[in-house]
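# Report on the structure
Chain residues, written in single-letter form:
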Amino acid sequence: MSIIEVKNLSFTYGIGTPFEKKAVDDVSLCVNEGEVIGLIGHTGSGKSTFVQMLNGLIKPTSGQVLLEGKDIWEKSKEIRKICFKVGMVFQYPEYQLFDETVYKDISFGPRNKGLSEEEIDLTVRKAAKFVGLSDRLLNKSPFDLSGGEKRRAAIAGVIAMDPDVLVLDEPTAGLDPKGREVLLAQIMGYHKERKNTIFFVSHSMEDISRIADRVMVMNKGRLEMLDTPKNIFAQVEKIESMGLRVPQITKIMMTLRERGYDITDGVLTVEQAFSEIINLLEKEGKI
Amino acid sequence: MTRDIALGQFIPGQSVIHRMDARVKNLLLIAFIVLIFCSFNFVSLGIITGAVIAVILLSDISVKMYLKSLKVIIVIILITSILNIFYGSGDPIVQFGIFKITLSGIYRAIFVTVRIICLILISSCLTFTTSPTDLTDAIERLMKPLKILHIKVHEIAMMMTIALRFVPTLLEETDKIMAAQKARGADMESGGMIKKIKAMTPVLIPLFVSAFRRAYELAVAMECRCYQGGDGRTRMKVLKIKKLDVACILVTVLVLAGVILCNIFFAAKI
Ligand SMILES: Nc1ncnc2c1ncn2[C@@H]1O[C@H](COP(=O)(O)OP(=O)(O)O)[C@@H](O)[C@H]1O
Ligand SMILES: [Mg+2]
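Residues numbered from 1 in each chain as written. Chains lettered and ligands numbered in written order. Predicted model: local features only at pLDDT ≥ 70, side-chain atom pairs only at ≥ 80, totals over all residues. Heavy atoms only, no water.

Let us now look at the packing of aromatic side chains. For the coordinates displayed, the defined rule picks out seven aromatic pairs over all chains. Judged by centre distance (5.0 Å) and plane angle (80 degrees), the ring pair of Phe-98 of chain A and Phe-108 of chain A falls under edge-to-face. Residue Phe-98 of chain A is located in the loop between strand S6 (86–89) and helix H3 (102–106), and its partner Phe-108 of chain A is located in helix H4 (residues 108–113); the two are separated by ten residues in the primary sequence. For the residue pair Phe-98 of chain A and Phe-108 of chain A, the accessibility class agrees, reading buried in each case. Following the ring pairs from residue to residue traces out a cluster consisting of Phe-42, Tyr-107 and Phe-111 of chain B. (Phe/Tyr/Trp six-rings, centres within 6.5 Å; stacked < 30°, edge-to-face > 60°. Helix = DSSP H or I, 4+ residues; strand = E, 2+ residues; numbered from the N terminus. Buried < 20%, exposed > 50% of the residue type's maximum accessible area, 1.4 Å probe, protein only.)

A word on the domain arrangement of chain A. Residues and elements named next belong to chain A. Here chain A is described as being made up of domain 1 (2–235) and domain 2 (247–287). Centre-to-centre, using C-alpha coordinates, domain 1 lies 34 Å away from domain 2. Of the residues lining the interface, eight residues belong to domain 1; the matching set on domain 2 comes to eight residues. Summing both sides of the interface, domain 1 and domain 2 together bury roughly 640 Å²; the carbon and sulfur share of this comes to 70%. On inspection of domain 1 and its partner domain 2, the count reaches zero salt bridges. Connecting domain 1 to domain 2 are one residue pair in polar contact (both at pLDDT 80 or more). (Domains from an automatic or database assignment. Contact = heavy atoms within 4.5 Å. Buried area = accessible area lost by both parts, 1.4 Å probe. Salt bridge = Lys/Arg side-chain N within 4 Å of Asp/Glu carboxyl O. Polar contact = N/O pair within 3.5 Å; in protein donor to acceptor, adjacent residues only side chain to side chain.)

This part takes up the sheet that holds strand S8 (residues 197–201) of chain A. Residues and elements named next belong to chain A. Sheet architecture is open: six strands sit in the order S6-S7-S8-S3-S9-S10, paired in mixed fashion. Strand pairing shows two members of the sheet lacking a second neighbour, S6 and strand S10 (222–227), which therefore form its edges. Neighbour-to-neighbour, the strand axes of the sheet open up by a mean angle of 15 degrees, direction not taken into account. Alignment of S6 against strand S7 (residues 165–169), held across four bridges, turns out to be parallel. By the bridge assignment for S7, Met-88 is matched with Val-167. Along the sheet, helix H1 (residues 47–54) makes contact with strand S3 (36–41), S6, S7, S8 and strand S9 (214–219), crossing S3 at roughly 145 degrees. Along the sheet face, helix H7 (residues 147–159) touches S6 and S7 and points at about 170 degrees away from the line of S6. (Pairing = 2+ DSSP bridges. Axes fitted to C-alpha atoms, helices over the stretch in contact; angles between N-to-C directions.)

Moving on to the sheet that holds strand S5 (residues 70–71) of chain A. Residue and element names in this part refer to chain A. Pairing is antiparallel across the open sheet formed by four strands, whose spatial order is S2-S1-S4-S5. Looking at strand neighbours, the two that pair on one side only are strand S2 (21–32) and S5, the edges of this open sheet. Note: strand S4 (residues 62–67) against S5, two bridges, orientation antiparallel. The residue bridging Leu-67 from the neighbouring strand is Lys-70, located in S5. Across the sheet, H1 is in contact with strand S1 (2–13), S2 and S4; its angle to S1 comes to roughly 125 degrees.

Following this line, the structure appears as structure tokens:
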């Protein structure tokens, strides 16, 4: 069953001013429950604008977002409730931390949702565990955490609302390689357990190819491509013409293939490439 | 949201008004404001209104933007003009109880409305067509004589530049933080005054934190570039008076003469 259906969605900033800018242009797609959608595109291609329309933070200029078959703007007075169903983690979410302790900050969302104290405690601790924040950190001030910890605390604040759809806008931007790795693993672990739908915006093709079931490619506000990572990254020229690139390992393996080595098409991760090369060497009797 | 405020926003362009020297623009703005308030009859008010409209058309900025800047103060215009209608002296035209409308009241209302509108339009024109750096640069130059009184002109101008520079940044930041908290279910619209103020804490605290962080980073960046205040500092772009500016000054002097003459030769209405 499709949990989110987007129909001819468009958004224009600053209508009627000299700064008018069409940020999202006629985007349509269906997303199934439990799917992980990767969203890539050049800076300014409208990714952030698009995802903010999924939970009603901005109202589309035209078109519809259907959540479980219902237009989210049908009862515009109750638009706030959509936020609890479609959780949104913004770019650099650590700038939203405000409360005295990390625990209180994470509980802000669940409290707004109207949960009881016991439920809040449960969901806060669970969310903190998903992102690997220890009990000791929960009682600290969020402003005393390290950059990576702040980021994870902010993400926990959204996970704690237990949304059916989770949107992550460039969650790994600005983290060191180790931090990215850890965060990505935590998000994947969370998805495995909760099995909810995830929108994952990223500039890292490596991350996208590891985590996404399908990839949306946006260019100048339009949805240019929507397919599995394998099919998307097979079209190197098209991807590169939009100012993007394919994962490095995919490119290496493609070059080997072009040079006549017997390698399957569409290798996306280093692990896959490793086993491909081992196979190849075994076949040639080199090991 | 906050971006919709048109008041005080620079719109780059190449019009005559854009190309004028910022100092001249500032001085002429003052001249215009004085003239707007020194027009005592319909003829002189007409002249100055015509001049304001001419300046607006010359600025090559869409009329929509000007209307937007008026939108912000429309309530003030309405209240003052309605109050003024009832404030006149002389024979009443219509009377309800203690409230009476007189001819002089109507005149007053018209004058006040036209004056406020002209004032906003002409000041918007300055901010629309002058970049914030040029603007503060001009103000620094114009205030230079105050140095004799040991007023720190350069520091004041630098503070203004920085403040102006960060207004859009902080507005954008406010938008972002508000959106992030709304996404966590924060309710900022419903409830009474107190509840609304309380609901702003999750926005204000991150905003202050980030403002302090930015201030600190800016201070470090300025020190790294050996900034030590205004003494001995030279400019990359030196302001210059051009033929265009002289022409604009002459036209303004003509308007000035026109308004003064009309004030003398026609009867004052208020
Ligand atoms: N609040 C805003 N006001 C006006 N224009 C905006 C705003 N936010 C984004 N834009 C413009 O909309 C376009 C899409 O931006 P965005 O959705 O942030 O892209 P991305 O997230 O893919 O980098 C950009 O050209 C940007 O300049
Ligand atoms: Mg973005």
